[in-house]
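Given next are the chains, with one letter for each unit.
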Amino acid sequence: MRNFVERHTFWAIVIFLAAAVFLWMIFAVWPDWLIAAIGRKKTFVNTLFNGITLGGLYFLVASGFTLVFGLMRNVNLAHGSMYLLGAYIGYEVAEASGSWFFGLLVAFLAIAVSGILLQVLIFRRMEGDDLRQTLVTIGISIIAADLMLAIWTGTTYQFQPPEWLFGAANLPIVSVIKSSGDPVYIKYPIYRLAVLVAAVAVGIGLWLFLNRTRVGMMIRAGVNDRQMLAASGVNVQLVFALVFAIGAGLAGFAGVVGGTALSIAPGEDIRYLLASLIVVIVGGLGSVTGAAIGALLVGLAEQFGLAYFPTYGVVLTFLIMVVVLAVRPQGIMGGR
């Protein structure tokens, strides 16, 4: 941080001032002219938190994708189908058992097994052939989408989260001051805050796993020099199968979490696959930190676009990707 301030004093001042203005907009009571220009503070703050929590959900999906695509350079365009299949499996198990957490566990394990099968039966036979991987996984995603549509039809499903995640929490943010002088605090759904906490926990866990464990070092070494890692006595294929299991399992995990926050319906696989691609491209291939930054930017752009620019909101997401690719083609946190 100190080196950045010394080398880029001007930008450090700009960032500091922008952060100060942003915090003032969140915690201060808005004057009338600001309400007239932007709208109610409650709308702004809710949109902000919706963007952050949606970014957390996108990170949960993209974190698995960045392991497989960004780190191992395997093009798995069936990742969105894994998300949706995990959501359906988790829903069925949760409904049958009456336990949301059991549905979450089964979805993670079931999709992790499917990831292992995909790596052993498909990717191991097409290593280094990006075009074949792309075409085959597109075909798998189309078949999977049709099978899920045949089994679960076009009905929209909704999870019921645990009772202690129902309701809304009072945020320490004042919306308005009543004429009596009493402050009105903004409320926000507890479950969405739990999604954000889960995303942060997964992000920290992945970073520690890849950078502070022996297996994580093996994974990174295998990507850079597979022959050298194999010569040291490590079963490279087993390590890569483990990566696929974790990446796919996270997609299934995100399916249950996302299906509870939003809904489960046909077409969600394409939505989250596209979001994962944009997040990985913006954040940088193979970077968990970059995926978190990319997911946050995409989530905020999507929600603020829907709230303030509904006609052109979808353009903001692609505009972020275009700007990042123009300024830093390897992504925000990508290596050169």
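Whatever comes next refers back to the structure up there.
What this report covers is the structure whose coordinates are included nearby.

## Points about the overall build of the chain
The helix and strand tally for the chain stands at 14 helices and two strands. For the chain, the C-alpha radius of gyration of 22 Å lies close to 20 Å, the compact-globule estimate for 336 residues. Taking the principal axes of its C-alpha atoms as reference, the chain extends roughly 70 × 55 × 35 Å. Within the chain, the proportion of its 336 residues that are buried is 44%. Taking as baseline every contact in the chain between residues at least 6 positions apart, the subset at least 24 positions apart corresponds to 70%. Positive and negative charge centroids in the chain, built from 19 and 14 side chains respectively, lie 10 Å apart.

## Here we look at the pattern of salt bridges
Under the definition given, this model contains three salt bridges. Ionic pairing is found between Arg-271 and Glu-302, a salt bridge with its closest N-O pair at 3.3 Å. With a gap of 31 residues between them, Arg-271 in helix H12 (residues 268–283) and Glu-302 in helix H13 (residues 288–308) connect regions that are remote in the sequence. Since its relative accessible area comes to 29%, Arg-271 is described here as partly exposed. Each of the salt bridges in this network shares a partner with another, and the network as a whole consists of Glu-268, Arg-271 and Glu-302.

## Comments concerning the environment of Leu-131
Structurally, the position occupied by Leu-131 is in helix H7 (residues 130–152). Since its relative accessible area comes to 59%, Leu-131 is described here as exposed. Separated by 64 residues in sequence, Leu-131 and Val-195 place their C-alpha atoms 35 Å apart.

## Considerations on the packing of aromatic side chains
One pair of aromatic rings is described through two measures. These are the centre distance and the angle between the planes. Under the defined criterion, the tally for this structure stands at 14 aromatic pairs. Ring geometry for Phe-49 against Tyr-188: centres 5.4 Å apart, planes inclined by 45°, an arrangement best described as tilted. In this pair, Phe-49 sits in helix H4 (residues 41–71) while Tyr-188 sits in strand E2 (residues 183–189), placing the two residues 139 residues apart along the sequence. Like Phe-49, the residue Tyr-188 is buried in the burial classification. Here the aromatic rings of Tyr-88 and Trp-152 are separated by 4.4 Å at their centres, their planes lie at 5°, and the arrangement is stacked. Placement of Tyr-88 in helix H5 (residues 79–97) and of Trp-152 in helix H7 is noted, with a sequence separation of 64 residues between them. Feature note: the residues Tyr-88, Tyr-91, Trp-152, Tyr-157 and Phe-159 constitute an aromatic cluster, connected by ring pairs.

Calculation criteria
Positions within a chain are numbered from 1, following the residues in the order the chain's sequence is written. It should be noted that, the model being predicted, local features are given only for residues of pLDDT at least 70 and side-chain atom pairs only at 80 or more, the latter also being counted only at that level, while totals for whole chains, interfaces and linings use all residues. Hydrogens and waters are ignored; side-chain quantities use all the structure's heavy atoms. Starting at the N terminus, helices and strands are each numbered in turn, a helix being any DSSP run of H or I of at least four residues and a strand any DSSP run of E of at least two. To get the radius of gyration, use the C-alpha atoms; to get the globule rule, take the number of residues to the power 0.38 and multiply by 2.2 Å. Only protein chains enter the accessibility calculation, which uses a 1.4 Å probe. A residue is then buried if its area is under 20% of the maximum for its type, exposed if over 50%, and partly exposed in between. The contact criterion used throughout is that any non-hydrogen atoms of two residues lie within 4.5 Å. All tallies of charge rest on Lys and Arg as positive and Asp and Glu as negative; His and the ends of each chain are not included. We put the charge of a Lys on NZ, of an Arg on CZ, of an Asp on CG and of a Glu on CD. Salt bridges are identified by distance alone: a Lys or Arg side-chain nitrogen within 4 Å of an Asp or Glu carboxyl oxygen. Each aromatic pair joins two rings of Phe, Tyr and Trp (for Trp, the six-membered one) with centres within 6.5 Å, and gets the label stacked for planes under 30 degrees apart, edge-to-face for over 60, and tilted for any other angle.

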